[in-house]
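# Structural characterization, general
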2 protein chains.
Amino acid sequence: MVDLLVWTTAFASLTNLANPPNAPLLAAEVAEAIETAAEAPLVLSGVLISLIVVYLAAKLVGELCIRVNLPPVLGELTAGVIVGISALNLLIFPDGQQGFHSLILDLLQVTAGLESQSVQSVAGSISEVISVLSELGVIILLFEIGLESDLKELIRVGPQAAIVAVVGVAVPFALGTTGLITIFGVAVVPAIFAGAALTATSIGITAKVLAEIGQLSSKEGQIIIGAAVLDDILGIIILAVVASLAKTGEIRISNILYLIVSASVFLIGTILVGRLLSPYFVALVEGMQTRGQLLLASLIFAFTLAYIGAAIHLEAILGAFAAGLVLAETEKRKELEEQIAPIADMLVPIFFVVVGAKTDVSVLNPINPANREGLIIALFLVVVAVLGKLVTGATISGEESVNRWAIGIGMIPRGEVGLVFAGVGAATGILSNSLNAAIIVMVILTTFLAPPLLRIVFQLASDSENSENLESLPKSE
Amino acid sequence: MVDLLVWTTAFASLTNLANPPNAPLLAAEVAEAIETAAEAPLVLSGVLISLIVVYLAAKLVGELCIRVNLPPVLGELTAGVIVGISALNLLIFPDGQQGFHSLILDLLQVTAGLESQSVQSVAGSISEVISVLSELGVIILLFEIGLESDLKELIRVGPQAAIVAVVGVAVPFALGTTGLITIFGVAVVPAIFAGAALTATSIGITAKVLAEIGQLSSKEGQIIIGAAVLDDILGIIILAVVASLAKTGEIRISNILYLIVSASVFLIGTILVGRLLSPYFVALVEGMQTRGQLLLASLIFAFTLAYIGAAIHLEAILGAFAAGLVLAETEKRKELEEQIAPIADMLVPIFFVVVGAKTDVSVLNPINPANREGLIIALFLVVVAVLGKLVTGATISGEESVNRWAIGIGMIPRGEVGLVFAGVGAATGILSNSLNAAIIVMVILTTFLAPPLLRIVFQLASDSENSENLESLPKSE
């Protein structure tokens, strides 16, 4: 079989080859008719190369990381930095000023006949497709995390998770804002903005590390996941508050109430309704006879909740997480986990590599004098960011067995959230260049520090547990 | 965790809400800075809804088909027609004249805050992403088909497959072209063009049906697959010849030689080199420790060959097929098949639904007088298309056990290939409206007829075999 788009290119290139200067008048029409169509296989080619780059980089650095006992997800983020805008510039993303530029585009021009006048539009399409694939990756990741979570355990640790979330948002915000004002003499509005950038946790990175070390369904894992989900909602609310404050000088209570109510109704509603309907879902899937019935029915469910999550101004990933939680309660959980795993293996690395690729780490370079003021503020922000989340571990009371350090460290990574604050801050002019750079540095360091720390803290705990066990029961070995 | 794009929308919508008419001057800058970014989550939302529509339609009609003993892939094609440009217009594809219009765009405007001035650019991006996903779907399908094929058997049936391919190209071309000239008085160039549209087989549709009925690795299945792959290469060559002929009145031998040589070198070369390197591939995969190592290493291999296939003006799917063939020879075949299956379940239906969705079946309506001339020519083309491929079964000689009807019928579906001829023909003005419509009707009917016929012919064969067995060995039951 020949697929439509590729044929059209073949045709386009061949007609070009076969087209002498004095070709009949048809040539111009043909050229026009197939110009748009001819870009499409170039987009496919560009996407294929981008995926090859993403997978190669993710596996190479990931394997390196696992060999020195670092989490593979850190390898994927680092791989992204290496192939992204900071270094090799292999992947295609808009770099702001000069439009698109990347080695892949050069390769397409040399090998696949991309013409220079179509570079920008083809590059835009490739960038769009890779971005959506990475978004689908994080949706699948959160669906998988939901599927591996235990709703009953989440509800049981709910109050603790809520305290962890609130403390982990309030402490860094208060410390960061007041510190910036008193120590660095930053004005109130930018200080509040930067303080807000310190609040939200990147659930994706922490959850991936927890899954990698098999701690996702532990008590600590479930508290972290629960707190991170609540953090996510708190983050959206804080963004609304800060944005409103920065622009009008006042806070609209109605927006905040809308967000709180819609988030609560959505999360609690989908889980309640989902649990009621899940027996019918299982019966429906069992009645189906075509291939992939369980997988597709589950994807329809997950994508629907993801869409609703996005449409009510929450997030697609919250919907996917809720869908996973609901389906985890059904008897199909095990089968579905097995089928989702290869899809996650295919799509999730795209997300982490893209996050790394979009991060500009050149602000970390202390040789550039322009970076130095930012690096000093950054040092302060990193300390606040780490301490502000570490204290959340201390809020867990009454249970000896919980690893408090793990919870505090699990909440540290800020991930993309902080980058959004930095990006919006830079676009609006609220943040000075140095403050903006400081936020980016804080995000990079917290994101890259947390995965190895989390791994170490769980390893130490299991070592000491083992040695305690060995001491108390020396013969049971 | 909060993902970058969704946060930016949240921010965008909230700043809009929070933005009174007399907002400070920052507002315009903010609005400008986030306008592009705000479109991205709309693209994600649009892709999510499109996937929901694709999966729901594919499963509903697929389940219906399997219950009346029709192949599910026919259901997916029909589902595409129902949700596509011919009927409900749910999916987003450019419809030529008026730009984009679809119910999903309306839904996004109502539920997700898509603004009317961004509709065209968001719609373009959604259409692009869904098209690339469908392309990835057919790449994964051909990779899976390669993985389930048996290289030794393919080589053994190679000569027979080559005869089937050549006869199946030559007979419909000769019959169609002469028939159009003598019976319908069509001029020589458009007649050759239409004759060429009768040649190439849609390997995707046939292979999917063969897989569904478990006949992919049968002798018939392997002859059909082998012949269809060769057909694909012949089709590219014919397209080059016809395009050159239509535009300059002469045939460039050098282009044709280039295509023949590059196709042979690519297919034979990748398989030979691949077999040499595959032990190292297995050793590499076994040395890796991160999750998804086999799958990602295989995808890197498949995507690389797919890219090369596209870059040398062959096809991405030929590369993916060759990659599957090579990996099928390794000890990892079974494990890889299991991991590819869910990915195929997720992506392949997108391809078939999109093929259906892009087909305009309104030319089949006999009530419209404008369609009638085309329908009469179409009747002739369908007869030629079916007979021209059925005779290929008769070329198989010397082996009693081969089901000749199955081979002939397996080669019938023309799929997207014919649609490309029709599209290019319409764009260049080489084809009259009625001849163009006739080609589209021929494609639709051969594509939709072949799957049920193929199923029936294999069922009859197994019934008669069973009854023969029962007669000869009545006691063995």
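Position numbers for residues count from 1 along each chain, tracking the sequence in the order it is written. Chains carry letters and ligands carry numbers; both start at the beginning, A for chains and 1 for ligands, and go up in the order they are written. pLDDT decides what is reported in this predicted model: residues at 70 or higher carry local features, side-chain atom pairs at 80 or more are listed and counted, and totals for whole chains, interfaces and linings draw on all residues regardless. Side-chain metrics rest on all non-hydrogen atoms present in the structure, leaving aside hydrogens and water.

### As for the overall build of chain A
Defined as follows: Where helices and strands are cited, they refer to DSSP runs of H or I of at least four residues and of E of at least two residues respectively, numbered from the N terminus. Buried means the residue's accessible area, taken with a 1.4 Å probe over protein chains only, is under 20% of the maximum for its type, while exposed means over 50%, and partly exposed covers the values in between. Any two residues having at least one pair of non-hydrogen atoms within 4.5 Å are treated as being in contact. Here the Shrake-Rupley method, with its probe set to 1.4 Å, supplies the accessible areas, and only the displayed protein chains count as covering residues.
When helices and strands are counted, chain A shows 18 helices and 0 strands. Taking all 477 residues of chain A together, the buried fraction comes to 61%. Of all intrachain contacts in chain A linking residues separated by at least 6 positions in sequence, the fraction that spans at least 24 positions is 76%. A total of about 17800 Å² of accessible surface is found on chain A, and carbon and sulfur atoms cover 65% of it.

### Digging into the confidence of the model for chain A
Residues and elements named next belong to chain A. Which entries qualify depends on this criterion: Each residue carries a pLDDT value, the predictor's own confidence for that position, ranging from 0 to 100.
Across chain A, pLDDT averages 80, with 82% of residues at or above 70. Confidence over residues 1–37 falls short of pLDDT 50; this stretch has 74 contacts with residues more than four positions distant or in other chains. Here residues 471–477 scores under 50 on pLDDT; set against residues more than four positions off or in separate chains, the count is 2 contacts. Predicted complex, confidence summary: ipTM 0.83, pTM 0.83.

### Observations regarding the pattern of salt bridges
Residue and element names in this part refer to chain A. Threshold: What makes a salt bridge here is a side-chain nitrogen of Lys or Arg within 4 Å of a carboxyl oxygen of Asp or Glu, nothing more.
Within the structure shown, the criterion is met by 22 salt bridges over all chains. Across the pair Lys208 and Glu212 runs a salt bridge whose closest N-O atoms are separated by 3.6 Å. In this pair, Lys208 and Glu212 both sit in helix H9 (residues 203–212), 4 residues apart, roughly one turn of the helix. When its relative accessible area of 13% is taken as the criterion, Lys208 is described as buried. With relative accessibility at 27%, the residue Glu212 sits in the partly exposed group.

### A closer look at the nonpolar core
Stated precisely, the cut-off is as follows: By convention a nonpolar core is built from buried Ala, Val, Leu, Ile, Met, Phe, Trp, Tyr and Cys residues, the set being connected through side-chain atoms within 4.5 Å. All the domain ranges listed were derived from an automatic or database domain assignment.
Grouped together as the largest cluster of nonpolar side chains are 322 residues, with contacts concentrated most on Tyr55 and Phe303 of chain A together with Tyr55 and Phe303 of chain B. When we break this core down by domain, the ones giving at least three residues each are domain 1 (4–19 + 29–130) and domain 2 (138–458) of chain B. Residues contacting Tyr55 of chain B, with those up to four places away along its chain left out, are Leu296, Leu299, Ile300 and Phe303 of chain A together with Met346 and Ile350 of chain B.

### Considering helix H7 (residues 158–184) of chain A
Since the α-helix turns once every 3.6 residues, residues separated by three or four places project in the same direction. Residue and element names in this part refer to chain A. Just so we agree on the cut-off: Given a helix with a known number of residues, its expected span is that number minus one, times 1.5 Å.
The end-to-end C-alpha distance of H7 is 38 Å, a good match for the 39 Å that 27 residues give at a rise of 1.5 Å each. Inspection of H7 places Gln160, Ala161, Val164, Ala165, Gly168, Val169, Pro172, Gly176, Thr177, Gly179 and Leu180 among the buried residues, and these make up the whole buried set. Backbone geometry just downstream of H7 places Gly185 in the positive-phi region, at approximately 65 degrees.

### Notes on helix H14 (residues 333–358) of chain B
Residues and elements named next belong to chain B. Put simply, the rule reads: One axis is fitted to the seven residues ending at the residue and one to the seven starting there. The bend at that residue is the angle between these axes.
Along its 26 residues, H14 runs 35 Å from first to last C-alpha, staying within 8% of the 38 Å computed at 1.5 Å per residue. The sharpest bend along H14 measures roughly 40 degrees and falls at Ala344. Where burial is concerned, most of H14 is hidden: 19 out of the 26 residues are buried.

### Section: the packing of helix H3 (residues 72–83) of chain A against helix H14 (residues 333–358) of chain A
Residue and element names in this part refer to chain A. Note the threshold: Interaxial angles span 0 to 180 degrees and are taken between N-to-C directions of axes, which are lines fitted to C-alpha atoms, for helices over the stretch in contact. Between 65 and 115 degrees an angle is taken as roughly perpendicular, under 35 as roughly parallel, over 145 as roughly antiparallel, and anywhere else as oblique. What makes a crossing left-handed is the near helix being turned counterclockwise from the far one by less than a right angle; a clockwise turn instead makes it right-handed. Throughout this entry, Asp, Glu, Lys and Arg are counted as charged residues, while Ala, Val, Leu, Ile, Met, Phe, Trp, Tyr, Cys and Pro are counted as nonpolar. The remaining residues, Gly among them, count as polar.
Relative orientation of the contacting elements H3 and H14 amounts to 50 degrees, with a least axis distance of 6 Å. When the axis of H3 is compared with that of H14, the two are oblique. Where H3 crosses over H14, the two elements pack in a sense that is right-handed. Between H3 and H14, the residues in contact are Val73, Glu76, Leu77, Gly80, Val81 and Val83 and Pro349, Phe352, Val353, Val355, Gly356 and Ala357, respectively. The residue makeup of the contact of H3 with H14, split by class, is 9 nonpolar, 2 polar and 1 charged.

### A closer look at the side chain of Thr290 of chain A
What counts here: The definition of a polar contact used here is a pair of N or O atoms within 3.5 Å, where within protein one atom must be able to donate a hydrogen and the other to accept one, and adjacent residues in sequence count solely through side-chain atom pairs.
Relative to the elements of secondary structure, Thr290 of chain A occurs in the loop between helix H11 (253–287) and helix H12 (293–311). Residue class for Thr290 of chain A comes out buried when judged on its relative accessible area of 5%. A polar atom in the side chain of Thr290 of chain A sits 2.8 Å from the side chain of Lys59 of chain B. Within the structure, Thr290 of chain A has its side chain in polar contact with the side chain of Glu63 of chain B (distance 2.7 Å). Leaving out residues up to four positions away in the same chain, Thr290 of chain A has contacts with Lys59, Gly62, Glu63, Ile66 and Pro72 of chain B.

### Focus: the packing of aromatic side chains
Residues and elements named next belong to chain A. The following threshold applies: A pair of aromatic rings is counted whenever rings of Phe, Tyr or Trp (Trp by its six-membered ring) have centres within 6.5 Å, and the orientation is called stacked for planes under 30 degrees apart, edge-to-face for over 60 and tilted otherwise.
Summed over all chains, the structure comprises 8 aromatic pairs over all chains. Here Phe281 and Phe301 contribute two aromatic rings whose centre-to-centre distance is 6.4 Å and whose plane-to-plane angle is 45 degrees, an arrangement assigned as tilted. Of this pair, Phe281 sits in helix H11 while Phe301 is found in helix H12, placing the two residues 20 residues apart along the sequence. Since its relative accessible area comes to 16%, Phe281 is described here as buried.

### Some thoughts on the environment of Phe281 of chain B
Along the primary structure Phe281 of chain B and Lys332 of chain B are separated by 51 residues, whereas in three dimensions their C-alpha atoms are 10.0 Å apart. For Phe281 of chain B, the contacting residues outside a window of four places in its chain are Leu294, Ala297, Ser298 and Leu327 of chain B.

### Considerations on the packing of H12 of chain A against H14 of chain B
Between H12 of chain A and H14 of chain B, the shortest axis-to-axis distance is 10 Å and the interhelical angle comes to 65 degrees. Here the hand of the crossing between H12 of chain A and H14 of chain B comes out right-handed. Touching Leu295, Leu296, Leu299 and Phe303 of chain A of H12 of chain A are Pro342, Asp345, Met346 and Pro349 of chain B, all from H14 of chain B. Across the contact of H12 of chain A with H14 of chain B, the residue classes tally to 7 nonpolar, no polar and 1 charged.

### Some thoughts on unusual backbone geometry
Positive phi outside glycine occurs at Asn89 of chain A, with the angle close to 55 degrees. Residue position: Asn89 of chain A is located in the loop between H3 and helix H4 (103–111).

### Here's the deal with a nonpolar patch on the surface
Residues and elements named next belong to chain A. We count it as follows: Like charges are joined within 9 Å and nonpolar side chains (Val, Leu, Ile, Met, Phe, Trp, Tyr) within 5 Å, but only among residues with over 30% relative accessible area and no salt bridge; these make up the patches.
Together, Ile268, Leu272, Val273, Leu276, Leu277 and Tyr280 make up a nonpolar patch on the protein surface, roughly 680 Å² of accessible area in all. By secondary structure assignment, the location of Val273 is in helix H11. Given a relative accessible area of 47%, Val273 falls into the partly exposed group.

### A closer look at the environment of Ile312 of chain A
All names here are of chain A. Its location among the elements puts Ile312 in the loop between H12 and helix H13 (316–328). For Ile312, a relative accessible area of 22% corresponds to the partly exposed category. For the pair Ile312 and Leu259, spaced 53 residues apart in the sequence, the C-alpha separation amounts to 8.7 Å.

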